[in-house]
Amino acid sequence: MEEQYEKKITWTIKNFSSLPSEKICSDNFVVGDSKWRLVAYPKGHGDSFNKSLSLFLAVADSESLPYGWKRDTKYRQTVVNQTSEKPSQQKVGKPWFNQNCVSWGFQSMVPLTELLDINGGFLVNGEIKIVAEVGVLEVVGKSDVLEETSLVNESIDVNGFKVLPSQVESVKSLFIKHPDIASQFRPKNPHLRTAYLNSILSLTESLCQSPEELSNADLANAYCTLTCVTKAGFKLDWLEKKLKEIGEARLQEIEEELKDMKQTCVDMETLLVFLR
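Residues numbered from 1 in each chain as written. Predicted model: local features only at pLDDT ≥ 70, side-chain atom pairs only at ≥ 80, totals over all residues. Heavy atoms only, no water.

The name that an unreviewed UniProt entry assigns to the protein is MATH/TRAF domain, with the source organism given as Arabidopsis thaliana x Arabidopsis arenosa.

Novice: Please explain the overall build of the protein as it appears in this structure.
Specialist: A tally of helices and strands in the protein yields 7 helices and 12 strands. The burial tally for the protein puts 39% of its 276 residues in the buried class. Of the accessible surface of the protein, which amounts to about 16200 Å², a share of 52% is contributed by carbon and sulfur atoms. Where the 32 positive side-chain charges of the protein centre and where its 38 negative ones centre are 3 Å apart. (Helix = DSSP H or I, 4+ residues; strand = E, 2+ residues; numbered from the N terminus. Buried < 20%, exposed > 50% of the residue type's maximum accessible area, 1.4 Å probe, protein only. Areas by Shrake-Rupley, 256 points an atom, 1.4 Å probe, with all protein chains shown as cover. Lys, Arg positive; Asp, Glu negative; His and termini not counted. Charge placed at Lys NZ, Arg CZ, Asp CG, Glu CD.)

Novice: How should I be thinking about the UniProt feature "coiled-coil region" (unreviewed entry) in the protein in this particular structure?
Specialist: Under the present numbering, the feature "coiled-coil region" (unreviewed entry) in UniProt falls on residues 244-271. The distance from the first to the last C-alpha atom of residues 244-271 is 36 Å, and the span holds 93% helix and 0% strand. (UniProt positions renumbered as here; feature names shortened; annotations may be inferred.)

Novice: Even after reading the chapter, I still don't get the pattern of salt bridges, so can you show me in this structure?
Specialist: Opposite charge on two side chains makes pairing possible when the charged atoms of those side chains draw close. If you walk through the whole model with that rule in mind, you get 6 salt bridges. The salt bridge partner of Glu133 is Arg76, with a shortest N-O separation of 2.8 Å. Of this pair, Glu133 sits in strand E10 (residues 128-140) while Arg76 sits in strand E6 (residues 70-80); the two residues are 57 residues apart in sequence, bridging distant segments of the chain. Across the pair, exposure class does not vary: Glu133 and Arg76 are buried alike. Salt-bridge contacts for Glu205 lead to Lys94; the nearest nitrogen and oxygen are separated by 2.7 Å. Of this pair, Glu205 sits in helix H4 (residues 190-207) while Lys94 sits in the loop between strand E7 (89-93) and strand E8 (96-98); the two residues are 111 residues apart in sequence, bridging distant segments of the chain. Here Glu205 falls in the partly exposed class, since its relative accessible area comes to 24%. What you see here is one network of salt bridges that share partners, running through Lys74, Lys94 and Glu205. (Salt bridge = Lys/Arg side-chain N within 4 Å of Asp/Glu carboxyl O.)

Novice: Mind showing me how you'd approach H4 here?
Specialist: An α-helical turn contains 3.6 residues, so a residue and the one three or four places further along point in the same direction. Between its first and last C-alpha, H4 extends 26 Å over 18 residues, near the 26 Å set by a 1.5 Å rise per residue. Buried residues of H4: Arg193, Thr194, Ala195, Tyr196, Leu197, Asn198, Ile200, Leu201, Ser202, Leu203, Ser206 and Leu207, and no others. At the N-terminal end of H4, a side-chain oxygen is found 3.0 Å from the backbone nitrogen of Leu192, two or three residues along, and the residue is Asn189. (Expected span 1.5 Å × (residues − 1). Polar contact = N/O pair within 3.5 Å; in protein donor to acceptor, adjacent residues only side chain to side chain.)

Novice: Please explain the packing of aromatic side chains as it appears in this structure.
Specialist: Each aromatic ring pair is summarised here by two numbers: the centre-to-centre distance and the angle between the ring planes. Evaluation of the coordinates by the stated rule reveals 10 aromatic pairs. Both rings, one in Phe161 and one in Phe234, keep their centres 6.2 Å apart while their planes meet at 35 degrees; by these two values the pair is tilted. A residue pair is termed long-range when its members are at least 10 positions apart, and Phe161 in strand E12 (residues 161-163) and Phe234 in the loop between helix H5 (216-231) and helix H6 (237-248) qualify at 73 residues. Each member of the pair Phe161 and Phe234 is classed as buried. Geometrically, the ring pair formed by Tyr196 and Phe234 is tilted, given 6.3 Å between the ring centres and 45 degrees between the ring planes. Remark: Phe234 occurs in the loop between H5 and H6 and Tyr196 occurs in helix H4; sequence separation between them is 38 residues. Across from the ring centre of Tyr5, 5.4 Å away, lies the NZ or CZ of Lys74, which sits over that ring. The lysine or arginine in question, Arg193, covers the ring of Phe161, its NZ or CZ lying 4.2 Å from the ring centre. (Phe/Tyr/Trp six-rings, centres within 6.5 Å; stacked < 30°, edge-to-face > 60°. Lys NZ or Arg CZ within 6 Å of the ring centre and 35° of its normal.)

Novice: Even after reading the chapter, I still don't get the layout of surface pockets, so can you show me in this structure?
Specialist: Remark: the empty space left among the atoms is shown by a probe the size of a water molecule rolled over them. Volume-wise, the second largest pocket comes out at about 670 Å³. Taken together, 23 residues make up the lining of the second largest pocket; nearest its centre are Asp72, Ser202, Ser206, Asn221 and Thr225. Mapped onto the lining of the second largest pocket, the elements with two or more residues apiece are E6, E10, H4 and H5. (1 Å grid on protein atoms, 1.4 Å probe; cavity = no way out; pocket = protein on both sides within 12 Å on 5 of 7 lines; lining within 4 Å. Points joined across faces, edges and corners; volume = space filled by probe spheres on them.)

Novice: Before we go on, may I ask you to explain unusual backbone geometry in this structure?
Specialist: Trans peptide bonds make up most of the peptide bonds, and negative phi angles are found at most residues other than glycine. Its identity as a non-glycine residue notwithstanding, Asn15 has a phi of 50 degrees, on the positive side. Turning to its location among the elements, Asn15 is positioned in the loop between strand E1 (7-13) and strand E2 (24-25). In this structure Asn15 comes out as exposed when scored by relative accessible area, which is 53%. In this structure, Asn125 is a non-glycine residue whose phi angle is positive, near 55 degrees. Here Asn125 lies in the loop between helix H1 (112-115) and E10. A residue is classified by how much of its surface remains accessible, and Asn125, at 76% relative accessible area, is exposed.

Novice: Sorry if this is basic, but what is going on with the environment of Asn100 here?
Specialist: Considering the arrangement of structural elements, one finds Asn100 in the loop between E8 and strand E9 (103-111). Take Asn100: its relative accessible area is 74%, and that puts it in the exposed class. Between the alpha carbons of Asn100 and Glu253 there is a distance of 33 Å; along the sequence they are 153 residues apart.

Novice: Would you explain the confidence of the model for the protein in this entry?
Specialist: Caution applies to low-pLDDT parts of the model: their predicted coordinates are not meant to be read in detail. Mean pLDDT over the protein: 86, with 94% of residues reaching 70 or higher. Element-level mean pLDDT values for the protein span from 50 in helix H2 (residues 151-154) up to 94 in strand E5 (residues 52-59). Note that residues 147-153 has pLDDT below 50 and, in this model, 10 contacts with residues that lie over four places away or in other chains. (pLDDT = per-residue confidence, 0-100. Contact = heavy atoms within 4.5 Å.)

Okay, here's the thing in structure tokens:
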């Protein structure tokens, strides 16, 4: 199933080859009770300076957000190859944004040798085109600036849960396949209900990936999320079964990794004893 995002932004950067600034920003846009913007470094940033285009998504209103704010997101960015017979460059991620991480992205988005190649298709009439798709899965800490655009006003009710328009079909499908999924879920706060439902949607999406794409850390995080939402009252036996199937197939690998981690802890404890 095609990944769904709340917002799709197209950003055209003109006169790209002659930009005087090391850093440029798109106009702000609103997704999930926050203002966002795209940040590009035409000549690269950090280790990619003078090597690749660097491209980031940034929270534009971080200074107006309350202490402890967080945003769980999914993000897909594409540098469009405007020559149809050649592929565009696309990367995806699922970053958490907070007061210690207000921007996230890729230092090496497209090598400058490819980007600036007059026959490469990325640079056409001095312009490059960037498409960013952003979805906000969980919001902690409301924006004072955007308080008027509340979740209730922006969302649609599906089986007692407030969901974004882009999520309606996925949520309806979820309740059709599992009609009793929330029969034991008691919280009434709409924001809390939405946060739990978003966790389930994210968990479902993760476990539907190819097992090869999931690390052991991903499985551990999935288990933590599954435990949390199950304790809240959701019936998720099919996700539990899916997680077991994936985990059991690599049981020995997980055991070996855990053994290594325990040995590392022992080594660190020994070091502390030595240092004290």
